[in-house]
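Residues per chain are reported as follows:
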Amino acid sequence: MAGGEKTVRIVGGKFRGRILASFKGRDVRPTSDRAKEALFNILAPEISGANVLDLFCGTGGIGLEAISRGADLVVFNDISADSLAILRKNLALLRTDAKIYNLDYAALLDRIDVTFDIIYIDPPYKSGFGADALGRIAGRRLLNTGGIAVLESDKPFEGEIEGLVRYDERKYGIAYLTFFTPD
């Protein structure tokens, strides 16, 4: 597509097939439809009624998918005001609302007073923010009992996170999805 624009759509739930406003350029890397569909097939039993945090949300593809599939509360966070402007357009398009923060991920994790059933962490690849975010999530006990944190990255996860157990990892295209739960 011209200018690096990518088509982003909802792949399941009540808004299935809806095309979303997307970012033009190369600064945002939406999760592929294949990875998103696989992720939500894995998370399907957990989504309905869940509290979900889309931590590095970009234009909101993962959180919007969670809304479409019946999540009760979705919190979006991104440091990019431009990305959040597109997220707001998509929320209006779907005629739904959500809590949106425009903060550095660490600031959000250090102060948020909600716990979550699902936390999706998709930092810029090669940033190193994923392991730090997981450590903050574990340290503040932001995952409910039986909750799931999912890290998307461009390589397999290495190391351990005190307070979390890594229980699965899958590769979709260039993306690795690594799954954690509280120990």
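Provided above is the structure to which this section pertains.
Residues numbered from 1 in each chain as written. Predicted model: local features only at pLDDT ≥ 70, side-chain atom pairs only at ≥ 80, totals over all residues. Heavy atoms only, no water.

**Q** Hey, could you run me through the layout of surface pockets in this one?
**A** One simple way to see leftover space: roll a probe sized like a water molecule over the atoms. Of the voids in this model, the second largest pocket is the one considered here, and its volume is about 250 Å³. Lining the second largest pocket we find 17 residues, and of these Gly128, Leu151, Ser153, Lys155 and Phe157 sit closest to its centre. Elements that contribute at least two residues to the lining of the second largest pocket include exactly helix H5 (129-139) and strand E7 (143-153). Within the lining of the second largest pocket, the residues separate by chemical class into 8 nonpolar, 4 polar and 5 charged. (1 Å grid on protein atoms, 1.4 Å probe; cavity = no way out; pocket = protein on both sides within 12 Å on 5 of 7 lines; lining within 4 Å. Points joined across faces, edges and corners; volume = space filled by probe spheres on them. Helix = DSSP H or I, 4+ residues; strand = E, 2+ residues; numbered from the N terminus. Nonpolar A, V, L, I, M, F, W, Y, C, P; charged D, E, K, R; others polar.)

**Q** Explanation requested: empty space enclosed by the protein in the structure shown.
**A** In the structure shown here, the tally under the stated rule is 2 cavities of 30 Å³ or more. Put simply, the second largest cavity is a space of about 40 Å³. Looking at the second largest cavity, the residues that line it are Leu39, Phe40, Leu43, Ile47, Val52, Ile62, Ala66, Ile118 and Tyr120. Among the secondary structure elements, those contributing two or more residues to the lining of the second largest cavity are helix H1 (33-47), helix H2 (61-68) and strand E6 (116-121). Tallying contributions element by element places H1 first for the lining of the second largest cavity, with 4 residues.

**Q** Just checking my understanding: could you explain H5 for this structure?
**A** For H5, the complete set of buried residues consists of Gly130, Ala133, Leu134, Ile137 and Ala138. Down the axis, H5 shows its buried residues gathered within 135° of arc, on one side only. Elements that come into contact with the buried residues of H5 comprise helix H4 (105-111), E6, E7, strand E8 (164-172) and strand E9 (175-182). With its phi angle positive at about 55°, Arg141 sits one or two positions after the end of H5. (Buried < 20%, exposed > 50% of the residue type's maximum accessible area, 1.4 Å probe, protein only. Arc of directions from axis to C-beta. Contact = heavy atoms within 4.5 Å.)

**Q** Help me understand the nonpolar core in this model?
**A** Here is a general trend for soluble globular proteins: nonpolar side chains tend to be buried in one another's company. Residues Leu39, Leu64, Ile67, Phe76, Leu87 and Leu91 are the most contacted members of the largest nonpolar core, which totals 33 residues. When residues of this core are traced back to their parent elements, those giving at least two are H1, H2, strand E4 (73-77), helix H3 (81-93), E6, E7 and E9. The biggest single contributor to this core is H1, with 6 residues. With residues near it in sequence (within four places) discarded, Leu39 still touches Ile62, Tyr120, Val150, Leu177 and Phe179. Core analysis: the next-biggest nonpolar cluster, separate from the first, contains 25 residues, Leu109, Phe116, Phe157 and Phe180 among them. (Core = buried A, V, L, I, M, F, W, Y, C linked by side-chain atoms within 4.5 Å.)

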